[in-house]
Each structure stands twice: as C-alpha cells, then as structure tokens.
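Read off the chains here:
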Amino acid sequence: VFHGRILARRVVGQETRYEVEVKARYRHRFPLVSREYLWVPNTCGCPPLREGGEYLLMARRHVNHEHTLNRILLQDDGYARAWTPREARLVREAARHC
C-alpha cells in the first residue's frame, strides 16, 4: 500500500503502464523506490488513474516463474482511491493494527 502521484500513462500491448512517483509507503511487503512503473493488465483505463493525480494504491509484486518479469501490478479490480489526508490517516491506523 502506498501513496503515489501519476506522472505518465502509456499503453504497452494489452496493458497500461503508469509512471508513478512514490510519495509514502504504508506497508512494506516489497521495497519501492521513489519512481516506479505500475502495470494494469488492460487498456480500458480501469481503475481510472489520471496524470497528475495522487492516489492511495494497493498493488502486488508480480514475478513470473522464470524470474524474467518483476513488476508492480494493480489488477483492474484493485484498490485505487484518490489520496486525501483522511485516507492516509485511516491507512496508517490500519497498518499499526495489521
């Protein structure tokens, strides 16, 4: 779970790739750097993420069996909400209890 700002969007084949500035990390299941690519396995814009927008995102690390693909994946039914201070506070509180 992290707070990110969408810098760019690009359709690559049958997927959408977002360049994201990572602003805050709430759960540390895998390391994140300040700039990451976030992949969505469709081209329809679901979930709708606009360039310049800030979001609270829950994604997962996807590594294929051959270990040739290692990326952050946000499934089309994944958690992506507009970031607000209230959302950030709720996630911080939940992270302390989980």
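Residues numbered from 1 in each chain as written. Predicted model: local features only at pLDDT ≥ 70, side-chain atom pairs only at ≥ 80, totals over all residues. Heavy atoms only, no water.

- Per an unreviewed UniProt entry, the chain is named ATL5 protein, and its organism is Panurus biarmicus.

## Quick look at the overall build of the chain
Turning to step 1, where the next piece is worked out: Counting its secondary structure elements, the chain contains one helix and seven strands.
Turning to step 2, where the next piece is worked out: Counting only C-alpha atoms, the chain reaches 40 × 30 × 25 Å along its principal axes.
Turning to step 3, where the next piece is worked out: The burial tally for the chain puts 35% of its 98 residues in the buried class.
Turning to step 4, where the next piece is worked out: Taking all contacts inside the chain whose residues are at least 6 apart in sequence as the whole, residues at least 24 apart take part in 53%.
Turning to step 5, where the next piece is worked out: Approximately 6,300 Å² of the chain is accessible, and the part contributed by carbon and sulfur atoms is 49%.
Turning to step 6, where the next piece is worked out: Across the chain, 18 positive and 11 negative side-chain charges occur, with their mean positions spaced 5 Å apart. (Helix = DSSP H or I, 4+ residues; strand = E, 2+ residues; numbered from the N terminus. Buried < 20%, exposed > 50% of the residue type's maximum accessible area, 1.4 Å probe, protein only. Contact = heavy atoms within 4.5 Å. Areas by Shrake-Rupley, 256 points an atom, 1.4 Å probe, with all protein chains shown as cover. Lys, Arg positive; Asp, Glu negative; His and termini not counted. Charge placed at Lys NZ, Arg CZ, Asp CG, Glu CD.)

## Concerning the pattern of salt bridges
Turning to step 1, where the next piece is worked out: Applying the stated rule across the entire model yields five salt bridges.
Turning to step 2, where the next piece is worked out: Between R5 and E21 there is a salt bridge whose closest N-O contact spans 2.8 Å. With a gap of 16 residues between them, R5 in strand β1 (residues 2–12) and E21 in strand β2 (residues 15–25) connect regions that are remote in the sequence.
Turning to step 3, where the next piece is worked out: You can call R5 partly exposed: its relative accessible area is 26%. (Salt bridge = Lys/Arg side-chain N within 4 Å of Asp/Glu carboxyl O.)

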